[in-house]
Amino acid sequence: MGDPTNVWYQPSIIDSRYPTLISPNNWDFDYSTIEAILVQIHSRKRFNNNQPNNSQPNNTMTFTADDAELFSKAIQSLPKNLSVASLQRIQFLIAKEFPRDIGNQLAKLTVGFYQLQSATDTRAEHKPTQLADKMLTFKNKVDSQNHFLGKDTAHQLFGKQRAISYYLLQRRAIKENTQLSSEQKTKKLQSLKNTLAND
């Protein structure tokens, strides 16, 4: 809590005059933690101001892998199994906190990250060891990210991570391919490495 002198206490006279709360809901999350992290993301000020087809500027943000870590940190501060009403409340608060287009974007992404994390948690117990299973798990992970966050935004957030994961899977596939000679494996591995370097 920090310095107790900085903690605000509502005067008892206010409680007696206004016994009915503004909101009847007792929300089971701490918005201040999410707010502080989203302010960090917003402060980076990477905006997409392209004007396709002579339309109005698209005042939305672009993201990086660093932002993905911050979103994940924000989600980790929330309880699991939040109700739909709680998620809607979080979305509402974020949308009101930031400028309209960006607020709506951050609100949608925060809830999307929460839903993505919830979906990931349900599959976390199964950790595949076979290559085919690992490839399927990777594909499902990419599909889930695209579904909850949108394909373009998911690529911004996880593109580098995906490229490395894909490289490692393909590298293993080449090494385990008994139909290839040592020379063929060497060429394919070099080509794969060059592809990763150029991405």
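Our structure is the block above this text.
Predicted model only: the values in this text are computed from it and were never measured. In this convention, every chain numbers its residues from 1, walking through the sequence in written order. Local features in this predicted model are restricted to residues whose pLDDT is 70 or higher, and side-chain atom pairs enter the listing and the counts only when it is 80 or higher, whereas totals over whole chains, interfaces and linings include all residues. Remark: hydrogens and water are excluded; side-chain values derive from all non-hydrogen atoms of the structure.

1. Concerning helix α4 (residues 84–97)
Turn by turn, an α-helix covers 3.6 residues, leaving residues three or four places apart pointing in a common direction.
No. 1: In DSSP terms, a helix is any run of H or I states spanning at least four residues, a strand is any run of E spanning at least two, and both are numbered starting from the N terminus. What a helix should span is 1.5 Å times the count of its residues minus one. Between its terminal C-alpha atoms α4 stretches 20 Å, which fits the 20 Å expected from 14 residues at 1.5 Å a residue.
No. 2: Residue burial is assigned from relative accessible area. The probe radius is 1.4 Å, only protein chains are included, and a residue is buried under 20% of its type maximum, exposed over 50%, and partly exposed in between. Along α4, the residues classified as buried are S86, L87, I90 and I94. Along the axis of α4, the buried positions cluster into a sector of 100°, meaning they face one direction only. Of the residues in α4, the exposed ones pointing more than 90 degrees away from the buried face are V84, Q88 and K96. Arc, as used here, means the arc of the directions from the helix axis to the C-beta atoms.

2. Thoughts on the packing of aromatic side chains
No. 1: In this analysis, rings of Phe, Tyr and Trp, with Trp reduced to its six-membered ring, are considered paired at centre separations within 6.5 Å, and the interplanar angle assigns stacked below 30 degrees, edge-to-face beyond 60, and tilted for intermediate values. Within this structure, the stated rule accounts for 3 aromatic pairs.
No. 2: Between F71 and F113, the aromatic rings sit 4.9 Å apart at their centres with planes inclined by 10°, giving stacked as the arrangement. A residue pair is termed long-range when its members are at least 10 positions apart, and F71 in helix α3 (residues 65–76) and F113 in helix α5 (residues 100–123) qualify at 42 residues. Exposure class is identical for F71 and F113. Each is buried.

3. Structural notes on the nonpolar core
No. 1: Counting 30 residues, the largest nonpolar core has I94 and L106 as the members making the most contacts within it.
No. 2: Within the residue set of this core, elements represented by two or more residues are α2 (31–43), α3, α4, α5 and α7 (151–176).
No. 3: Among the elements that line this core, the one with the most residues is α5, at 7 residues.
No. 4: Pairs of residues are marked as contacts when any of their non-hydrogen atoms sit within 4.5 Å. Excluding residues that lie within four positions of it along the chain, I94 makes contacts with Y31, I34, L38, G103, L106, A107 and T110. Remark: nonpolar core denotes a set of buried residues (Ala, Val, Leu, Ile, Met, Phe, Trp, Tyr, Cys) joined through side-chain atoms within 4.5 Å.

4. A look at empty space enclosed by the protein
No. 1: We place a 1 Å grid over just the protein atoms. Points where a 1.4 Å probe fits but has no way out form a cavity, open points with protein on both sides within 12 Å along at least 5 of 7 lines form a pocket, and any residue with an atom within 4 Å of a point lines it. Grid points are joined across faces, edges and corners, and a volume is the space filled by probe spheres set on the points. For the structure shown, the criterion picks out 1 cavity of 30 Å³ or more.
No. 2: Looking at the largest cavity, its volume works out to about 40 Å³.
No. 3: Together, F138, K141, V142, Q145, Q161, R162 and S165 line the largest cavity.
No. 4: Residue assignment for the lining of the largest cavity shows that the elements contributing at least two residues are α6 (131–149) and α7.
No. 5: Grouping the constituent residues of the lining of the largest cavity by class yields 2 nonpolar, 3 polar and 2 charged. Note on residue classes: Ala, Val, Leu, Ile, Met, Phe, Trp, Tyr, Cys and Pro are nonpolar, Asp, Glu, Lys and Arg are charged, and everything else, Gly too, is polar.

5. Comments concerning the pattern of salt bridges
No. 1: A pair is scored as a salt bridge if a Lys or Arg side-chain nitrogen falls within 4 Å of a carboxyl oxygen belonging to Asp or Glu. Enumeration according to the criterion identifies 4 salt bridges in this entry.
No. 2: A salt bridge links E176 to R172, with the nearest nitrogen and oxygen atoms 2.7 Å apart. With E176 and R172 both in helix α7, this residue pair falls 4 residues apart, about one helical turn.
No. 3: Across the salt bridge formed by E183 and K187, the nearest N and O atoms sit 3.6 Å from each other. Here K187 and E183 lie together in helix α8 (residues 182–198), a separation of 4 residues that amounts to about one turn. Accessibility assignment for this pair places E183 and K187 in one class, exposed.

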